[in-house]
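Descriptive analysis of the structure
Each chain is listed here by its residues.
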Amino acid sequence: MPKKTKKEKILAEYRKKIKQLNQSLVVPAPQIKIPTIIKSRLNDQSTNDNKLLTYFFQDFKKSLFIIGFIIALEIGLYFAKLIQ
């Protein structure tokens, strides 16, 4: 079997170190209990975010409709001017 080169030895050392680090870092995270006051505030904030998203999409649809109407009107006026 051929001998390892210096680069292969260095790579093997790094692999071993990475395995050791991964094994030492895998520790289960402790469970943190969140007080009910914070939970209720988080829920209120998420509902507010949902309301904001619905308002955003409603306004976005209206804006797209208005922009499309204006573009169609401009194209119509352009062709009307060409015909005359």
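Values in this document were obtained by computation on a predicted structure and should not be read as measured data. (Residues numbered from 1 in each chain as written. Predicted model: local features only at pLDDT ≥ 70, side-chain atom pairs only at ≥ 80, totals over all residues. Heavy atoms only, no water.)

**With respect to the overall build of the protein**
- Counting its regular elements, the protein contains two helices and zero strands.
- Residue burial in the protein is summarised as follows: out of 84 residues, 1% are buried.
- Carbon and sulfur atoms form 66% of the exposed surface of the protein, whose accessible area is close to 9,100 Å². (Helix = DSSP H or I, 4+ residues; strand = E, 2+ residues; numbered from the N terminus. Buried < 20%, exposed > 50% of the residue type's maximum accessible area, 1.4 Å probe, protein only. Areas by Shrake-Rupley, 256 points an atom, 1.4 Å probe, with all protein chains shown as cover.)

**Thoughts on the UniProt feature "transmembrane region" (unreviewed entry) in the protein**
- Sites flagged by UniProt as "transmembrane region" (unreviewed entry) map to residues 64–83.
- For residues 64–83, the end-to-end C-alpha separation is 29 Å, with 100% helix and 0% strand making up the annotated structure. (UniProt positions renumbered as here; feature names shortened; annotations may be inferred.)

**Focus: the packing of aromatic side chains**
- Under the definition given, this model contains three aromatic pairs.
- Where F56 meets F57, the ring centres are 5.3 Å apart and the plane angle is 70°; that geometry is what we call edge-to-face.
- Residue class for F56 comes out partly exposed when judged on its relative accessible area of 46%.
- We classify F57 as partly exposed; its relative accessible area is 45%. (Phe/Tyr/Trp six-rings, centres within 6.5 Å; stacked < 30°, edge-to-face > 60°.)

**Some words on a positive patch on the surface**
- Taken together, the side chains of K3, K4, K6, K9, R15, K16 and K19 define a basic patch exposed on the protein surface.
- Assignment of secondary structure puts K6 in helix α1 (residues 6–25). (Patch = residues over 30% accessible without salt bridge, like charges linked within 9 Å, V, L, I, M, F, W, Y side chains within 5 Å. Salt bridge = Lys/Arg side-chain N within 4 Å of Asp/Glu carboxyl O. Lys, Arg positive; Asp, Glu negative; His and termini not counted. Charge placed at Lys NZ, Arg CZ, Asp CG, Glu CD.)

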